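For reference, the chains in residue letters:
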Amino acid sequence: MLLAGDIGGTKANLALFKDENSWREPVDEATFPSGDYPSLEALVLAYLAQQKVSIDHASFGVAGPVVDGQATITNLPWKMDEKDLQDALHIPSVRLLNDLDAIAHAVPHLDQRDVATINEGQVEPEGAMAVIAPGTGLGEAFLTWNGSSYQTHSSEGGHADFAPANQFELDLLRYLLERFPHVSYERVCSGKGFPNIYAYLKDAGHAVEPDWLAAELAGVIDTTPVIMKAALDMDTPCEIAVATLNTFVSVLGAEAGNMALKVLATGGVYLGGGIPPRILPYLSGERFMQSFRNKGRLGKLLTTIPVHVILNPKIALLGAALHGFEVMK
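Predicted model, so just to flag it, every value in this text is computed and none were measured.

Thresholds, definitions, all that
Residues numbered from 1 in each chain as written. Predicted model: local features only at pLDDT ≥ 70, side-chain atom pairs only at ≥ 80, totals over all residues. Heavy atoms only, no water. Helix = DSSP H or I, 4+ residues; strand = E, 2+ residues; numbered from the N terminus. Rg over C-alpha atoms; globule rule 2.2 N^0.38 Å. Buried < 20%, exposed > 50% of the residue type's maximum accessible area, 1.4 Å probe, protein only. Contact = heavy atoms within 4.5 Å. Areas by Shrake-Rupley, 256 points an atom, 1.4 Å probe, with all protein chains shown as cover. Axes fitted to C-alpha atoms, helices over the stretch in contact; angles between N-to-C directions. Parallel < 35°, antiparallel > 145°, perpendicular 65-115°, else oblique. Nonpolar A, V, L, I, M, F, W, Y, C, P; charged D, E, K, R; others polar. Salt bridge = Lys/Arg side-chain N within 4 Å of Asp/Glu carboxyl O. Pairing = 2+ DSSP bridges.

Draft legend 1. Broad picture of the overall build of the chain. Looking only at helices and strands, one finds twelve helices and 14 strands in the chain. Against the globule reference of 20 Å for 329 residues, the chain gives a C-alpha radius of gyration of 20 Å, in line with a compact fold. Each of the three principal axes of the chain carries a C-alpha extent, and together these read 60 × 50 × 40 Å. When burial is assessed residue by residue, the chain has 53% of its 329 residues classed as buried. Across the chain, the fraction of contacts at a sequence separation of at least 24, relative to all contacts at a separation of at least 6, is 68%. Per element, the accessible surface of the chain, about 14900 Å² overall, is 50% carbon and sulfur.

What follows is the structure, encoded as structure tokens:
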């Protein structure tokens, strides 16, 4: 029996899998609020207390870099070590991998039911593939062909310097540099980035904040869902919320194009994370692809690269399971 997990800063999804042939169909699964537990060990033990099975191997995709079997969740005060987890959980084999690495493990196994295509492009067989996933943070990964299968590579590219593509974004960068010692793409292009874009639009006078939205935002800790909901209200769209989402889409398109160039992703670019499926109408519009291919002389090349939105909400969990089965072979 394999225990797989998608461990994020907001929630943790855990599931049990019987064999590789049924990787889409876990025997059992559950979701836990990550912040309610002092450690991954405590969270997993709470789950296993509900089960009556013997676990042979565990594979956890975690939202943070993994080095020498150790990891720290980027948005949680957890420190994880594979050996410590094995001892605490009484599981013979435990592996940690970056959550985007987990998603990347599942990408070659996706089919039409798992994705929405926003640029058909021309797939080059065995071409490299890129994954960019805006959720609470901004995750990135890529895959290369090793001669017989795809090999995944984790990345922390979401923390690279934010590069403005026009005067508006240059002014946004200046605004954020006054508030943060370092402005990465994650500061703009993630769930944490939405409030930053919104604040700039309001403070710079680009859009007016309506009183009803100000009242709603004042009553919550996480303002991103409120801003997004206001932008996606097709009956009465809110100007400042729509402007926030449009900026987000432009920046996401630019960074997805950056990734496509850096790894020459002729096998396709995949947008993962919790945000892209929710804003699919915006991503399907011209704004995203215009930013994606706005790369000067190489713009024509980018028009040929397929771009997909991953719709399967369990993709990171399933990828962690696939990784686990690979290790068990």
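Draft legend 2. Up close: unusual backbone geometry. You will see that Glu126, though not glycine, has its phi angle at about 70°, which is positive. With respect to the helices and strands, the residue Glu126 is situated in the loop between β9 (115-119) and β10 (129-134). The phi angle at Leu264 is positive, at roughly 50°, despite the residue not being glycine. As for its position among the elements, Leu264 is in the loop between α8 (239-263) and β13 (268-271). Judged by relative accessible area, which is 45%, Leu264 ranks as partly exposed.

Draft legend 3. How the structure looks around the packing of helix α3 (residues 99-106) against helix α12 (residues 315-328). Where α3 contacts α12, the two axes come as close as 7 Å, and the packing angle between them is 80°. Taken as axis vectors, α3 and α12 run roughly perpendicular relative to one another. Between α3, through Asp99, Ala102, Ile103, His105 and Ala106, and α12, the contact on the second element is made entirely by Ile315, Ala316, Gly319, Ala320, Leu322, His323 and Glu326. For the contact of α3 with α12, the class distribution of residues is seven nonpolar, three polar and two charged.

Draft legend 4. Spotlight on the pattern of salt bridges. This model, assessed by the stated rule, comprises ten salt bridges. Linking Asp111 and Arg24 is a salt bridge whose minimum nitrogen-to-oxygen distance equals 3.5 Å. On the criterion of sequence distance, the pair formed by Asp111 in the loop between α3 and β9 and Arg24 in the loop between β2 (11-17) and β3 (28-33) is long-range, its members being 87 residues apart. Under the relative-accessibility criterion, Asp111 is labelled partly exposed at 31%. Judged by its relative accessible area of 25%, Arg24 is partly exposed. Of the charged contacts, one joins Asp87 and Lys83 as a salt bridge, the two residues approaching to 3.0 Å between their closest N and O atoms.

Draft legend 5. Structural view of the sheet that holds strand β1 (residues 2-7). Here five strands make up an open sheet; going across it, the order is β3-β2-β1-β4-β8 and the pairing mixed. Edge positions in the sheet fall to β3 and β8 (93-98), since each of these pairs with one other strand and no more. For this sheet, the mean inter-axis angle between neighbouring strands, taken without regard to orientation, is 15°. Most of the contacts of helix α1 (residues 40-48) go to β2, to which it runs at about 45°, and overall it touches β1, β2, β3, β4 (57-62) and β8. Each of β1, β4 and β8 is contacted by α3, which is oriented at about 95° to β8, the strand it contacts most.

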